[in-house]
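Reading the structure
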Amino acid sequence: MSFLMSCSDDDDDDTTVASEKVAGTYNGNLVVKLEGQEVANEPKSLSLVKNGDDAVDVVIKDFVLNVSIGGTSIPVSLGDLKVAKCALTQKDGKSTFSGATELKGIEVPIGAASMSVDCAIDITAATVDGKNLNLPIVVEVSMAGTKLMDVDVQYTGVKQ
């Protein structure tokens, strides 16, 4: 009986320790593809912040993405990006999480003008294996309720 109680306590501790191991700052590379074409490839730092025993927040501070289309670089500012309460599970030493959020009123420069778009951010089956983060993101861009495009984002990083 004492053994069973000990196992139960160890399982709870493993979850807490795993969440804390995942949390931290990651330095890596962010690749953005639009309709299969790479439009951005740049170094980025992001944080996974513990949000309870079984969730993390994905945070990128002052997120500016430089998108290259037709030889022109377009800086798109997303501000402080936060995908909160991404549910975290662990299996065979690998942690997996998913989450979603919406960003409203993102200003995208188009020549001398700009247009305001909304972005639905969807993280599905991101993994942390040891110190390595693999973070796939799909961003659905829409304007006035009409979907314009999906943008595929792939982040790979190493915990510092």
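Structure's up top.
A brief structural summary.

So, how was this worked out
- Residues numbered from 1 in each chain as written.
- Predicted model: local features only at pLDDT ≥ 70, side-chain atom pairs only at ≥ 80, totals over all residues.
- Heavy atoms only, no water.
- Helix = DSSP H or I, 4+ residues; strand = E, 2+ residues; numbered from the N terminus.
- Buried < 20%, exposed > 50% of the residue type's maximum accessible area, 1.4 Å probe, protein only.
- Contact = heavy atoms within 4.5 Å.
- Polar contact = N/O pair within 3.5 Å; in protein donor to acceptor, adjacent residues only side chain to side chain.
- Pairing = 2+ DSSP bridges.
- Axes fitted to C-alpha atoms, helices over the stretch in contact; angles between N-to-C directions.

The next point concerns the side chain of D57. Inspection of the secondary structure assignment puts D57 in strand β3 (residues 55-69). Using a relative accessible area of 6% as the deciding quantity, one classes D57 as buried. Beyond its immediate stretch of four places on either side in the chain, D57 contacts S47, L48, V49, N51, K82, V83, A84 and K85.

Our focus in this paragraph is the environment of E42. With respect to the element layout, E42 can be found in strand β2 (residues 37-50). E42 sits in the buried class, given a relative accessible area of 13%. In this structure, the C-alpha to C-alpha distance between E42 and V67, residues 25 residues apart in sequence, is 9.9 Å. Setting aside residues up to four positions removed in sequence, E42 forms contacts with G28, N29, L30, V64, L65 and N66. Among the polar contacts listed, one links the side chain of E42 to the backbone nitrogen of N66, at a separation of 3.4 Å.

This next bit is on the sheet that holds β3. The 8 strands lie next to each other as β1-β2-β3-β4-β5-β6-β7-β8, forming a closed barrel whose pairing is antiparallel. If you compare each strand with its neighbour and ignore which way they point, the axes differ by 25° on average. Two elements, strand β6 (residues 113-129) and strand β7 (residues 132-143), share 9 bridges in a ladder whose sense is antiparallel. Note that in β7 the partner of V128 across the bridge is L133.

It is worth spelling out the pairing of β6 at this point. Each regular strand displays side chains that alternate between the two surfaces of the sheet. Examined bridge by bridge, strand β5 (residues 94-110) and β6 share 14 bridges and lie antiparallel to one another. Its bridge partner lying in β6, T96 is registered against T127. Between β5 and β6, which pair antiparallel and follow one another directly, the connecting turn spans 2 residues, one of which, G111, has a positive phi of 65°. The loop that links β6 with its antiparallel partner β7 comprises 2 residues; one of these, G130, has a positive phi angle of about 70°.

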